[in-house]
Amino acid sequence: MTNSKLRVLVVGGLGPDGSSGGREHALAWAASRSPRCEALFVAPGNAGTPGTSVPAGTDLVGFCRSERIDLALIGPDASLAAGIVDTLSAAGVKAFGPTKAAAELEWSKAYTRAFCERHEIPSPRSATFTDSTEAIAWAEGCGFPVVVKADGLAAGKGVLIPEGAHETRAAIRTMLIDGAFGEAGARVVLEERLSGEEVSLFGFCDGKTVVAMPPAQDHKRAYEGDTGPNTGGMGAYAPAPACPPDLAERLRVEVLQRTVDASAAEGRPFVGILYAGIMLTPAGPKLLEFNCRFGDPEAQVLLPLLDTDLLDIAEACCDGRLGSIPVQWKNRSAVSVVLAAEGYPATPRSGDEIHGVLQAREHSDVLVFHGGTVVKAGDGDGFVTNGGRILTVTALAGSIARARMRAYQAVADVSFAGMQFRRDIGWRALARTTGGYAASGVDIDAGTHAVDLIRRSVESTHTPAVLAGVGAFGGVFDAKALTSLHEPVLVASTDGVGTKVALAAEAHRLTGVGQDLVNHCINDVLVQNARPLFFLDYVASSKLVPSDVADIVAGMSIACRENGCALLGGETAEMPGVYHDGHIDIAGTLIGFAERAHLLPREGIGPGDVLIGLASSGPHTNGYSLLRQIFAGLPLDAQPAPLDRPLGDALLEPHRSYLPVLAPLLDGALGPDVKALIHITGGGLQENIPRVLPGGCGAEIEIGSWPVPPLFQLIRDVSGLSADELHRTLNMGIGMIIVASPDMVAGLQSALPVASWVVGRLVESATKTVSLIGATY
């Protein structure tokens, strides 16, 4: 390693209209921090870049000679595709970037797909076309949904993701007939549309060695929940929890290193930044695309995390000695939020004064990188908008959550007319860092242990009239006073709604949790084959708000009316100091009745019996401590795929009452065929099914035997939790289970007015264990 001083040029866009964005600012910022940087120039620079700006359209070869430039750092793809590295290298300037030939991995998607096929780099199925008729025919006959990509460079916007055959045909015609992307779209690549999480893995390359950077994730879509049109990127974070170190190393070897080795073997040694966009599909990682430079805004999170001098690395890459440089990274996380102009990405507006940049930069561990800005005196900070993505606010901290909080605190200081930004940057990372239900503050095992500890004390109070108590869905008491029945019993259930109340209060939608509470209790007595008599409620908070109480009680009255249950009233309590300000807690008790001879579960349950699952309406009232953490970074009005409605609507859907569904069946001729009912509440399938099992009997649940609703698909995909954890915390779309003999299944299902599926069976087992079998997540 040498300590000689370097005169450095950061190259942005070429030509008279060239520009420098947030990536070039980040490169210039990193270079300016090097003790080896004697002089710094940015071609052409923007209002925030350090060093000396070089006017757009300048002859860079002549400039490098006159200013004795030692090292050039190349920013955008278009400059690489134009051969700037070849030109500067021929003039004796070390240029950190690939040659035009090596960079064809980015500027031709058709070339890349052929390259990946030659070298067995996992990729989506694809085909390349210049004729729209042939392209449409292939798309309609391939048997899978496709993505339509312009073959050439299109400023990060040459990817169309159509929905259905009509949109696919339109996307192909937009490129090949309408010429929407010019020469870049004169040839299109149709690729299999993959599902999963996308990660960005960058590597420093010297032609033979690859040193990977921390994996990053960006947010390409314009709007919250990863919806709206594609953009150049609305934010990013690193390291990405979706790509842990062992997977990152595997991808470095199988994708980045294999590509560098193959490029060298084909006479195109790759020097610079190799950037692989990888989709983590259920079938394994697959390469979406290569880029041959830093991403924007990924550069704005990765370069602040770099501990080693960027100039040392870049020079070593140019000299072919990257292996001699110990590249180090900060043990921190970074989050970037892009502030874009009104109209971006279609027709961004320019010329608006920017305010608050100086205040934002004063926040601890916050950097503000300029993109589309120019200097102009006015009432603001002296900057005005001049492009699509105006600023990138980056924050560093010990975790994604804290870095995200700092970034948005700084964003709040910045303003300009029409400013738009996404409020959910990093939401997928937060979803993966929950650690499961126990880490969210709820321990199912601890709850089970508590029941075991109190069982002896509670059972010491029992008389022969107590037929079911601790551990059952509801307390059952012999009530011969109900003389209309031959042997009447009372069935009671007391419960609460849990932390779903906090979510409902945040959304100002408390009526639903009133319904939740009543319906939960009704289902708990229904599994004993009881019908509700009356309900009592309890509402408490630090300070009672009459309108909130009215909303909650209104929801209870709705559920009581729908289920033929009287709402007798209850208790309200105001307890400052016990509850946090603004927090509400609700609970209630339902009393029901049943004929003793008709109580469930019945005798005769055993191996061979079938489990019929009934559709839930959502998470019901369980798992919200976890769900609130998973979606902590996503606004409730966002609608990420595959949701068919806003997130808040899906999360706050009231708990379904199964009384209207099951009472006609239980009271009819098929009633005796129902051996047991199982309400899927806290503890999910694994903890609730054993409540009705006799000794020597376990259960098998077949994953994939019922369609997973969109909300649970999203939770599964973004949380990274195992199938066992998901089904032990949430109902995953099954809210009630019927236990019946196999020969009774068809008749029972035909009598049910809601969707139902055979989801499992009972098996011989020494313990009451529930096993998940079949497909895994």
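Trainee: Help me out: how do you make sense of the overall build of the protein in this one?
Mentor: Summing up its helical and strand segments, the protein has 25 helices and 35 strands in all. In the protein, which comprises 777 residues, the proportion classed as buried is 55%. Counting every atom, the protein has about 30,200 Å² of accessible surface; 52% of that belongs to carbon and sulfur.

Trainee: Any chance you could explain the nonpolar core here in plain terms?
Mentor: Within soluble globular proteins, side chains that are nonpolar tend to cluster in buried spots. Counting residues in hydrophobic clusters, the biggest one holds 93 residues, and the most contacted among them are Leu614, Phe631, Leu662, Leu677, Ile689 and Ile738. Per element, the largest residue contribution to this core is seven residues, and it comes from helix α17 (residues 511-526). Aside from chain neighbours lying at most four places away, what touches Phe631 is Trp427, Leu647, Leu651, Leu711, Leu714 and Ile715.

Trainee: What should I look at first to understand the packing of aromatic side chains in this one?
Mentor: Any pair of aromatic rings gets described here by the distance separating the centres and the angle formed by the planes. Tallied over the full model, the rule gives twelve aromatic pairs. Measuring from ring centre to ring centre gives 5.9 Å for Trp29 and Phe369, while their planes differ by 80°; the resulting arrangement is edge-to-face. Taken together, the positions of Trp29 in helix α1 (residues 22-32) and Phe369 in strand β20 (residues 366-370) put the pair 340 residues apart, joining distant regions of the chain. Judged by its relative accessible area of 17%, Trp29 is buried. Owing to a relative accessible area of 1%, Phe369 belongs among the buried residues under this scheme. Measuring from centroid to centroid gives 6.4 Å for Phe204 and Phe294, while their planes differ by 80°, and the two rings are edge-to-face. Highlighted residues: Phe204 in strand β10 (residues 197-206) and Phe294 in the loop between β17 (284-291) and α10 (298-305), separated in sequence by 90 residues. Of the two residues, Phe204 and Phe294, neither departs from the other in class, the shared state being buried. Within the aromatic cluster, the residues linked to one another by ring pairs are Phe96, Phe202, Phe204, Tyr275, Phe294 and Trp329.

Trainee: Would you take a moment to explain the sheet that holds strand β21 (residues 373-375) for this structure?
Mentor: Backbone-to-backbone hydrogen bonds join strands into a sheet, with any given pair of strands oriented parallel or antiparallel. Strand order in the open sheet made by the three strands is β19-β22-β21, with antiparallel pairing throughout. Edge positions in the open sheet fall to β19 (353-354) and β21, since each of these has one partner strand only. Relative to strand β22 (residues 383-385), β21 runs antiparallel, the two sharing three bridges. Bridge pairing in β22 links Thr373 to Thr385.

Trainee: What is the right way to look at the pairing of strand β4 (residues 71-74) in this model?
Mentor: Residues Leu71 and Leu73 line one face of β4 and the alternating positions Ala72 and Ile74 line the opposite face, and both faces are buried. Here strand β1 (residues 6-11) pairs with β4 via four bridges, running parallel. Looking at β4, one finds that Leu9 is bridged to Ala72.

Trainee: Help me out: how do you make sense of the sheet that holds strand β5 (residues 94-96) in this one?
Mentor: Strand order in this open sheet of five strands is β3-β2-β1-β4-β5, and the pairing throughout is parallel. The open sheet has two edge strands with one neighbour each: β3 (52-53) and β5.

Trainee: Can you walk me through the pairing of strand β29 (residues 584-595) in this structure?
Mentor: Looking down a regular strand, the side chains alternate between one sheet face and the other. Looking at chain direction, strand β26 (residues 488-496) and β29 are connected through nine bridges and run antiparallel. Paired with Leu490 across the bridge in β29 is Phe593. Inspection of the sheet shows strand β27 (residues 531-541) paired to β29 by ten bridges, in the antiparallel sense. For Phe535, the partnering residue across the bridge sits in β29 and is Leu590.

Trainee: So what exactly am I meant to see when it comes to the environment of Ser765 here?
Mentor: Within the fold, Ser765 resides in the loop between β34 (756-764) and β35 (770-774). Sequence separation between Ser765 and Gly695 is 70 residues; the distance between their C-alpha atoms is 8.2 Å. Setting aside anything within four residues of it in sequence, one finds Ser765 in contact with Gly696, Cys697 and Gly698.

Trainee: What should I look at first to understand the side chain of His620 in this one?
Mentor: Note on placement: His620 falls in the loop between β30 (610-615) and α19 (624-630). Within the structure, the side chain of His620 is placed 3.2 Å from the backbone nitrogen of Ser617, a separation counted as a polar contact.

Trainee: I tried to follow the pattern of salt bridges on my own but got confused; where do I start?
Mentor: Any two side chains of opposite charge can pair, given that their charged atoms come close. Per the counting criterion, the structure on display carries 45 salt bridges. For Asp226, the salt bridge is made with Arg428, and the minimal N-O distance between the two is 3.0 Å. With Asp226 in the loop between β13 (221-223) and β14 (227-230) and Arg428 in helix α14 (residues 427-432), the pair connects residues that are 202 residues apart, well separated along the chain. Here Asp637 ties to Arg423 by a salt bridge, and the two come within 3.1 Å at their closest N and O atoms. Placement of Asp637 in the loop between α19 and α20 (647-651) and of Arg423 in the loop between α13 (400-411) and α14 is noted, with a sequence separation of 214 residues between them. A residue is classified by how much of its surface remains accessible, and Arg423, at 38% relative accessible area, is partly exposed. In the salt-bridge network here, residues are joined through shared partners; they are Arg36, Lys94, Asp312, Glu315, Asp319 and Arg321.

Trainee: Looking at this model, I keep getting lost on helix α2 (residues 60-67). Mind explaining?
Mentor: Structural remark: α-helix, 3.6 residues per turn; residues separated by three or four positions point the same way. For α2, every residue scored as buried is listed here: Leu60, Val61, Phe63 and Cys64. Down the axis, α2 shows its buried residues gathered within 165° of arc, on one side only. When the buried face of α2 is taken as reference, the exposed residues oriented beyond 90 degrees from it are Arg65 and Ser66. Contacts made by the buried residues of α2 are with β1, β2 (37-43) and α4 (84-90). Capping of α2 at its N-terminal end is provided by Asp59; its side-chain oxygen lies 3.3 Å from the backbone amide nitrogen of Val61. Arg68 occupies a position one or two residues after α2 and carries a positive phi of about 55°.

Trainee: Could you clarify how one ought to interpret the packing of α17 against helix α18 (residues 546-563) in this entry?
Mentor: Two numbers describe a pair of packed helices, the interaxial angle and the distance between the axes. Contact pair α17 / α18: the axes reach a minimum separation of 6 Å and the direction vectors enclose 40°. Considering the angle they form, α17 stands oblique to α18. Read as a crossing pair, α17 and α18 show a hand that is right-handed. The segment α17 lies against α18, with Thr511, Val513, Gly514, Gln515, Leu517, Val518, Asn519 and Ile522 engaging Asp551, Ile552, Ala554, Gly555, Met556, Ile558, Ala559, Cys560 and Asn563. Residues belonging to the contact of α17 with α18 are distributed by class as follows: ten nonpolar, six polar and one charged.

Reading the values: the criteria
- Residues numbered from 1 in each chain as written.
- Predicted model: local features only at pLDDT ≥ 70, side-chain atom pairs only at ≥ 80, totals over all residues.
- Heavy atoms only, no water.
- Helix = DSSP H or I, 4+ residues; strand = E, 2+ residues; numbered from the N terminus.
- Buried < 20%, exposed > 50% of the residue type's maximum accessible area, 1.4 Å probe, protein only.
- Areas by Shrake-Rupley, 256 points an atom, 1.4 Å probe, with all protein chains shown as cover.
- Core = buried A, V, L, I, M, F, W, Y, C linked by side-chain atoms within 4.5 Å.
- Contact = heavy atoms within 4.5 Å.
- Phe/Tyr/Trp six-rings, centres within 6.5 Å; stacked < 30°, edge-to-face > 60°.
- Pairing = 2+ DSSP bridges.
- Polar contact = N/O pair within 3.5 Å; in protein donor to acceptor, adjacent residues only side chain to side chain.
- Salt bridge = Lys/Arg side-chain N within 4 Å of Asp/Glu carboxyl O.
- Arc of directions from axis to C-beta.
- Axes fitted to C-alpha atoms, helices over the stretch in contact; angles between N-to-C directions.
- Parallel < 35°, antiparallel > 145°, perpendicular 65-115°, else oblique.
- Left-handed = near helix turned anticlockwise from the far one by under 90°.
- Nonpolar A, V, L, I, M, F, W, Y, C, P; charged D, E, K, R; others polar.

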